[in-house]
Amino acid sequence: MSKKETGAGCAFRTSIGGQALMEGILMRGVDKQASVCRKDDGSLVTKVDELHLIKEKYPVLGWPFIRGVVNFVDSMAKGMGALLWSMEQLPEEEQGEPDKLDLWIEKHFGGDKAEKIIIAVGVTLGILLAVGLFVLLPAFIFELLPDSLSLVLRCIIEGVLRIVIFLLYMWLCTRTKEIQRMFSYHGAEHKTIFCYEKGLELTVENVRPQSRFHPRCGTSFLLVIMIISIFVISFMTWVLTLFPSIAELGAVAAALVRMCCKLIMLPIVVGITYELNRWVGRHDNIVSSILAWPGKQLQHLTVFEPDDGMIECAIEAMKLVIPEQKGADEW
């Protein structure tokens, strides 16, 4: 693949991705993931886990459009586990008291099983929060809009409202000091990946000048989900108008049917977005640049400049997941 195809100065594009943790970085490679955190005494602590993808057992889950949903849920689960681990590395006075639900789970299950249950509960609650805020709330407001407005206008209002709620949520997250530091670690992750893709030696001096805005950012992926949902859910809403029997159910029942259908469409939206994100990540042309632009603008909210200590964490995490076989991680 030429430099022109892979982007300015890039030797290739890697499938290695990452996530910011509490005072640390998670890097996920092709066969393992590494979490590296900065302890209170300045030392680094690492945790490396082998990756066993579910598509290895069930190949159908690796098919296009299906793999997007599977990878999304899998990344959330593994990311939640790494985040909980990073919180355990903080000084005791900063960790806070465990909530009653976590204490109950640890008491009744204990050990690794309790940790898995806590992660599952965390992922489930995270998904429910996202669905409630970004899908059900706009869908509810859609139902409150007067019928005198055209269906197209009502769908546009719903979609725009979904994006506004998402952006407001992200902005509010940046108001806390802890999240600001996480977003700086996010910047260290992006810079390190760029440095690696350019074939440069992974040093603080080489990583520091790299861009903090990466086209394959996870938070950009979430924004694209919001945008794609406008088109997919609007189309589905129009299709429902072709079935008069739904309206005959009554206003409340018809509204519930529409909201349930919007929930059902979510996996389809995620699947389409994942494939679109893969295509954008593999190409460097005017179309891919246009499609990547909204996500890069969002990164002004979610990706901050890191300090050298944060970059050191990201470099260490990256080194731990680079595959032994050169090119095995090519995107």
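Quick caveat, the model's predicted, so the values are computed rather than measured. (Residues numbered from 1 in each chain as written. Predicted model: local features only at pLDDT ≥ 70, side-chain atom pairs only at ≥ 80, totals over all residues. Heavy atoms only, no water.)

### What about unusual backbone geometry?
Where we set the bar: Put simply, DSSP marks the helices as runs of H or I at least four residues long and the strands as runs of E at least two long, and each gets a number from the N terminus on.
Residue Glu23 is not a glycine yet carries a positive backbone phi of 55 degrees. Its place among the elements puts Glu23 in the loop between strand E1 (17-21) and strand E2 (24-28). Positive phi, close to 75 degrees, is recorded for Phe65, a residue that is not glycine. Within the secondary structure, Phe65 is located in the loop between strand E4 (44-50) and helix H2 (66-88).

### Regarding empty space enclosed by the protein
Counted only if it meets this: Points on a 1 Å grid over protein atoms alone make up a cavity when a 1.4 Å probe fits among them but cannot get out, and a pocket when they form an open set with protein on both sides within 12 Å along at least five of seven lines; lining residues each have an atom within 4 Å of a point. Grid points are joined across faces, edges and corners, and a volume is the space filled by probe spheres set on the points. In this classification, the charged set is Asp, Glu, Lys and Arg, the nonpolar set is Ala, Val, Leu, Ile, Met, Phe, Trp, Tyr, Cys and Pro, and all remaining amino acids, among them Gly, are polar.
Scanning all chains against the criterion turns up one cavity of 30 Å³ or more. The volume enclosed by the largest cavity comes to roughly 40 Å³. What lines the largest cavity is simply Leu53, Ile54, Lys55, Leu61, Val70, Asn71 and Asp74. Within the lining of the largest cavity, the residues separate by chemical class into four nonpolar, one polar and two charged.

### Some remarks on the pairing of E2
Formally: Exposed residues in this analysis have more than 50% of their type's maximum accessible area, buried residues have under 20%, and partly exposed residues fall in between, with area computed by a 1.4 Å probe over protein chains only. Here, strands pair whenever DSSP counts at least two bridges between them.
The buried fraction of E2 is high, at five of five residues. On E2, burial covers both faces: Gly24, Leu26 and Arg28 on one face and Ile25 and Met27 on the other are all buried. Here five bridges tie E1 to E2, and the two strands are oriented antiparallel to one another. Residue pairing in the sheet places Gly18 in a bridge with Met27 of E2. Linking two consecutive strands that pair antiparallel, namely E1 and E2, is a turn of two residues; a positive phi of about 55 degrees is found at Glu23 within it. Here E2 hands over to strand E3 (residues 32-38) after three residues, the two strands then running antiparallel side by side.

### Quick look at the environment of Trp63
Locating Trp63 in the fold gives a position in the loop between E4 and H2. Classification of Trp63 by relative accessible area gives exposed; the value is 51%. Residues Trp63 and Asp41 lie 22 residues apart in sequence; the distance between their C-alpha atoms is 46 Å.

### Some thoughts on helix H11 (residues 251-264)
Filter applied, for reference: Multiply 1.5 Å by the residue count of a helix minus one, and that product is the helix's expected span. The arc in question is traced by the directions running from the helix axis to the C-beta atoms.
Between its first and last C-alpha atoms H11 spans 20 Å; for 14 residues at 1.5 Å apiece the expected length is 20 Å, and the two agree. Where H11 is concerned, the buried positions are Ala254, Ala255, Met259, Cys261 and Lys262. The buried residues of H11 occupy one face: seen down the axis, they fall within an arc of 160 degrees. Facing away from the buried side of H11 by over 90 degrees, the exposed positions are Val252 and Ile264.

### Some details on the pattern of salt bridges
Here is the rule we go by: Salt bridges are defined as contacts in which a side-chain nitrogen from Lys or Arg sits within 4 Å of a carboxyl oxygen from Asp or Glu.
Counted by the stated rule, this structure contains 14 salt bridges. The closest approach of N and O atoms between Arg28 and Asp74, which form a salt bridge, is 2.4 Å. Taken as a pair, Arg28 in strand E2 and Asp74 in helix H2 lie far apart in primary sequence, 46 residues in all. A residue is classified by how much of its surface remains accessible, and Arg28, at 18% relative accessible area, is buried.

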